[in-house]
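Structural description and commentary
Given next are the chains, with one letter for each unit.
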Amino acid sequence: MRSSPGTDPALPHPSGPAPSSPPPDVLAPLSPLAPRPLLTPAEVAALFRVDPKTVSRWSEKGLLDVVRTPGGHRRFFEAQVRALLPE
């Protein structure tokens, strides 16, 4: 005799509890390769109230770390930019 789905004690019930994810404090720290929020030159410029070209010049001088997209566009780490903003 066949049992109906979910009645076999050896198999988990299809509507049973879903696997839970670990609490946030158990998760691994952010790796260097993990995605981080990035800002465009225009977004950085708006925060500092300067022209986007000025932000590009800052990156050329090494004042801001820059990441290049596959298309060659500049992106800036939001955390670094916010740390430089006056309070």
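So, here's what we can say about the structure. (Residues numbered from 1 in each chain as written. Predicted model: local features only at pLDDT ≥ 70, side-chain atom pairs only at ≥ 80, totals over all residues. Heavy atoms only, no water.)

**Focus on the overall build of the chain**
Looking only at helices and strands, the chain has three helices and three strands in total. In the chain, buried positions account for 13% of the 87 residues. The long-range fraction of contacts in the chain, counting pairs at least 24 apart against all pairs at least 6 apart in sequence, stands at 38%. Of the roughly 7200 Å² of accessible surface on the chain, 60% is carried by carbon and sulfur atoms. (Helix = DSSP H or I, 4+ residues; strand = E, 2+ residues; numbered from the N terminus. Buried < 20%, exposed > 50% of the residue type's maximum accessible area, 1.4 Å probe, protein only. Contact = heavy atoms within 4.5 Å. Areas by Shrake-Rupley, 256 points an atom, 1.4 Å probe, with all protein chains shown as cover.)

**Comments concerning the nonpolar core**
Counting residues in each nonpolar core, the largest one holds seven residues, listed as Leu39, Val44, Ala45, Val55, Leu64, Phe76 and Val81. When near neighbours in sequence (up to four residues on either side) are disregarded, Phe76 contacts Pro37, Leu38, Leu39, Thr40, Pro41, Val44, Val55, Ser59, Leu64, Asp65, Val66 and Val81. (Core = buried A, V, L, I, M, F, W, Y, C linked by side-chain atoms within 4.5 Å.)

**Comments concerning the side chain of Arg74**
You can see Arg74 is positioned in strand S3 (residues 74–77). Relative accessible area serves as the criterion here: at 16%, Arg74 is assigned to the buried category. Here Ser59 takes part through its side chain, which lies 3.2 Å from a polar atom of the side chain of Arg74. Side chain to side chain, Arg74 and Glu60 meet in a polar contact 3.1 Å long. (Polar contact = N/O pair within 3.5 Å; in protein donor to acceptor, adjacent residues only side chain to side chain.)

**With respect to the packing of helix H1 (residues 41–48) against helix H2 (residues 52–60)**
The description of two helices packed together rests on the angle between their axes and the distance between the axes. Packing of H1 against H2 brings their axes to within 8 Å, and their N-to-C directions diverge by 105°. Of the possible angle classes, the one that applies to H1 and H2 is roughly perpendicular. Every residue of H2 that contacts H1 at Pro41, Ala42, Val44, Ala45 and Phe48 is listed here: Pro52, Val55, Ser56 and Trp58. Among the residues making up the contact of H1 with H2, the classes are represented as eight nonpolar, one polar and no charged. (Axes fitted to C-alpha atoms, helices over the stretch in contact; angles between N-to-C directions. Parallel < 35°, antiparallel > 145°, perpendicular 65-115°, else oblique. Nonpolar A, V, L, I, M, F, W, Y, C, P; charged D, E, K, R; others polar.)

Read these as geometric descriptors, not functional statements.
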